[in-house]
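Chain by chain, the residues run as shown.
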Amino acid sequence: MRPVGKFLIVALLLLPGAWARASDLNDYPTSARADYVFGCMKANGDTRLSLDQCSCSIDVIATILPYERYVTAETVASVNQQAGQVGALMRNTDAARDMLQELRRAQAEAQVRCF
């Protein structure tokens, strides 16, 4: 390798932000991923294949939605299923519908890629 090539590689490695930290690529806590995979596997037959597919699915969702937005959207989805005024409040707000739609799009992408 020529000296210029070596210099460029070293310079790139030393630049702040030249590589992403693991926490930047994976802001979902392990417990959240495990909870998703557990529920997904229960819904898909509890097989080795479902483990692979469900693990893939949460990985895809994590590339689309930052964890904070995922938690918010999951909360909206949960409250949205409530009967009565609380559920109606969630179903009738644009912000809640937008969050739920964003989650559903991420889930649909995961479904296409992983199942």
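Okay, so let's go over this structure.

Calculation criteria
Residues numbered from 1 in each chain as written. Predicted model: local features only at pLDDT ≥ 70, side-chain atom pairs only at ≥ 80, totals over all residues. Heavy atoms only, no water. Core = buried A, V, L, I, M, F, W, Y, C linked by side-chain atoms within 4.5 Å. Buried < 20%, exposed > 50% of the residue type's maximum accessible area, 1.4 Å probe, protein only. Helix = DSSP H or I, 4+ residues; strand = E, 2+ residues; numbered from the N terminus. Contact = heavy atoms within 4.5 Å. Axes fitted to C-alpha atoms, helices over the stretch in contact; angles between N-to-C directions. Parallel < 35°, antiparallel > 145°, perpendicular 65-115°, else oblique. Left-handed = near helix turned anticlockwise from the far one by under 90°. Nonpolar A, V, L, I, M, F, W, Y, C, P; charged D, E, K, R; others polar.

### Some thoughts on the nonpolar core
Counting residues in hydrophobic clusters, the biggest one holds 21 residues, and the most contacted among them are Tyr28, Tyr36, Ile58, Ile61, Leu65 and Tyr70. Listed by contribution, the elements that provide at least two residues to this core are α3 (30–43), α4 (48–64), α5 (67–80) and α7 (94–114). The dominant element in this core, judged by the number of residues it contributes, is α7, at six residues. Here Ile61 is in contact with Tyr28, Tyr36, Tyr70, Ala106, Gln107 and Ala110, once residues within four sequence places are set aside.

### Observations concerning the side chain of Gln53
Counting through the fold element by element, Gln53 comes out in helix α4. Gln53 gets classed as buried once you look at its relative accessible area, which sits at 16%. In this view, Gln53 contacts Cys114 and Phe115; residues no more than four positions away in its chain are not counted.

### Focus on unusual backbone geometry
Positioned with a positive phi, Asp46 is a non-glycine residue whose angle comes to about 50°. Its location among the elements puts Asp46 in the loop between α3 and α4.

### Some thoughts on the environment of Met99
With respect to the helices and strands, the residue Met99 is situated in helix α7. Separated by 24 residues in the primary sequence, Met99 and Thr75 have C-alpha atoms spaced 9.7 Å apart. The contacts of Met99, once residues within four sequence positions are left out, are Thr72, Ala73 and Val76.

### Some words on the packing of α5 against helix α6 (residues 84–91)
Between α5 and α6, the least distance of the axes is 8 Å, while the angle of their chain directions is 135°. Between α5 and α6, the angle is such that the two are oblique. In the packing of α5 onto α6, the handedness of the crossing is left-handed. Contacts between α5 and α6 involve Val76, Val79 and Asn80 from the former and Val86, Gly87, Met90 and Arg91 from the latter. Its residues assigned to classes, the contact of α5 with α6 shows four nonpolar, two polar and one charged.

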